[in-house]
Each structure stands twice: as C-alpha cells, then as structure tokens.
Amino acid sequence: MNAINSVSEFHRLLSLPEPRHPLVSVINLADSIFLEDDIWKGFVNRFYCVALKREAKGKIRYGQQHYDYDKGVLSFTAPNQVQYLDLQHMECGSGYLLIFHPDFLLAHSLASTINSYGFFSYAVNEALHLSAEEEADLITILNKIDKECLHIDKHTQEIILSQIKLLLNYSNRFYERQFITRKNHNHQLLAKFEHLVDEYFDTDATTQQGLLTVQHIAERMNLSPNYLSDLLRVHTGQNTQQHIHEKLIEKAKEKLSTTNLSVSEIAYALGFEYAQSFSTLFKKKTEMSPLEFRQSFN
C-alpha cells in the first residue's frame, strides 16, 4: 500500500509549494490541483486531516466506507487509514484542509487525548454540517494556525496545538448539537440498538458467537463503534459497552431468580467463556455474587 509520509509530499501531490512548517499545514483547496498519480488508487496518510469543504465534488473510500465528498462540510481522517480517490470525478472546490503529523503532538497533552475525539474514527458518512457562524469560527482558528506557521520558534508548537485543541473542542460541541437536532433519526437508531441487543440475548447467538461485543453491534447498525458510543452517551448517558453490560446483568438476574441453572451454566448461556469472568462482572455491577443474589430470592 502506498503511503503519503510527509506534509511536504502531500503538498506536492496537490500541486502546492513546500509547506511553511514540516509537520503541520493549512491548505486552501481553491489553490490545489490533484496530480495524476497512481497513489490515489490506494494510499494511507501518515497524518491527521480535518477538511472544511465547500462545493467539493468526488468520491472517496475511507476505511470500509464510501463517502460522497460533496456531502457534509467538516470531516476528519486519522493516520494510517486506507483511502481511495476517484480523480475522474474529483473537484477540489473551495475550503481548507488542516493536516498535522502525529510527531507534532509529541511531548504535548494532546498526544494522549486526541484519541478521545471520536470523530476521527467515525463512519465517514457522518460528516459534520455547520451553520455559517460555526464555519466562520473554525475558519478564524485555521487562519491563526496558518499565520503561526510563518513564525517557527520555541513557542510555535504550543500556540498551534492550543488552536488545534480549540478547533477539536468546538467540533465536539457541534457534533453533540448535530446528534440532538437529528433527534427523530437518532431515536430510530436507539430503538434499533435495543432491538438488536435483545435479539442477541433472546436467541442462540450467545452460545454460538460468545459475548456480545461493541464491534458486532456497531457493524449490525452500519456505524463505527465510536460513533455509536457517542450517540448513546449523548442520549442515554451510557456508552455501548455499558449498555451491553446492563443487559447482561438484567438477563443474568432473570436466570438466577427464575431457573435452577448453575452459575456456570448461566455464564455460558450468556456467552462467557469462563464462569469466573461472569461472576466478577456481576459482583462489580451489583455488589453481590451471583449466588448471593440467588439466595436473596429464597
């Protein structure tokens, strides 16, 4: 798989002059022209990319998803995700790309917290739609980053990263707003989630496939695990794993109180490979062991 390893190489492929800073750049899409190069048929970037697009057209495949480049305004890609561009139908339009190499984050708190921004690994058809005011706020930040790239000194990294962090925090706010304003659609997703979880525990899936995982339920819903967890957290206060554990405990209590199955049999019926793992989780969630819970009904 071809790799775009540096900010400088990405500039070259967009027919742009050398970047002002070797590890971070704000690119004006109106000034960019994609070079005809086989690399676009399959490549990975070694850097983070935040794209604020207007009137861009084309199709991109990112990870396992196909994405219409002309839909959505703000989108995010993380390092080392496989991408494919269809240059025949690609138009840059206008807008901005902020790209920054992971090395630029070293020795800064953002290096350890950037993975908490779930939108870098969202299913890419969940681009962020912005109001004119929100877009203007982000462009102001991008302009500050671009300007700071002209003054490389001992303060440059801290100033730029503080602006990047501000941009990401604004994006978090905007994503939460998007979750809330799409309430009807999200309620349908929540109902589907509840149905799929109940279905998994009410059939033989647990004995055939083992414990229900976040990855499994997210795939059934055609969402990324991070996006599903953020959706659930905004609307219910709990992430996907917490919901799965809650349903596990609910089913376990039902079996402990209404059947004569042993703790081991219940554990295996719920998908646990080891009964001790089930007992540990049950006690953590209820402050009682499975046997203590059963005895409370006798």
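Residues numbered from 1 in each chain as written. Predicted model: local features only at pLDDT ≥ 70, side-chain atom pairs only at ≥ 80, totals over all residues. Heavy atoms only, no water.

- As recorded by an unreviewed UniProt entry, the protein carries the name Helix-turn-helix domain-containing protein and is attributed to Pontibacter toksunensis.

Quick word on the environment of Leu-128
- One can find Leu-128 in the loop between α2 (110-113) and α3 (132-148).
- Residue classification places Leu-128 among the buried residues on the basis of a relative accessible area of 0%.
- When the C-alpha positions of Leu-128 and Phe-174 are compared, they lie 7.5 Å apart, and in sequence the two are 46 residues distant. (Helix = DSSP H or I, 4+ residues; strand = E, 2+ residues; numbered from the N terminus. Buried < 20%, exposed > 50% of the residue type's maximum accessible area, 1.4 Å probe, protein only.)

A short note on the sheet that holds strand β2 (residues 24-28)
- Taken together, the four strands give an open sheet; going across it, the order is β2-β9-β4-β7, and neighbouring strands pair in antiparallel fashion. The open sheet has two edge strands, β2 and β7 (74-77), and neither has a second partner. Shown here is a sheet whose adjacent strand axes are inclined to one another by a mean of 15°, direction ignored.
- Where strand β4 (residues 48-54) and β7 come together, four bridges link them in antiparallel fashion. (Pairing = 2+ DSSP bridges. Axes fitted to C-alpha atoms, helices over the stretch in contact; angles between N-to-C directions.)

Quick look at the side chain of Ser-279
- Structurally, Ser-279 can be placed in helix α11 (residues 275-286).
- Apart from residues lying up to four places away in sequence, Ser-279 is in contact with Val-263 and Pro-290. (Contact = heavy atoms within 4.5 Å.)

Concerning the pairing of β2
- Of all five residues making up β2, four are buried, and the element is well covered by its neighbours.
- Across five bridges, the pairing between β2 and strand β9 (residues 94-100) is antiparallel. In the strand pairing of β9, Ser-25 is matched with Ile-99.

Comments concerning the packing of aromatic side chains
- Across all of its chains, the model carries ten aromatic pairs by this definition.
- Ring geometry for Phe-76 against Tyr-175: centres 6.2 Å apart, planes inclined by 40°, an arrangement best described as tilted. Of the two residues, Phe-76 sits in strand β7 while Tyr-175 sits in helix α4 (residues 156-181), which places them 99 residues apart along the sequence. Accessibility classification places Phe-76 together with Tyr-175 in one group, the buried group.
- Taking 5.8 Å as the distance between ring centres and 25° as the angle between the ring planes, the aromatic pair formed by Tyr-170 and Phe-174 counts as stacked. On the criterion of helical spacing, the pair formed by Tyr-170 and Phe-174 is a turn pair, its members being four residues apart in helix α4.
- Tyr-170 sits in the partly exposed class, given a relative accessible area of 26%. (Phe/Tyr/Trp six-rings, centres within 6.5 Å; stacked < 30°, edge-to-face > 60°.)

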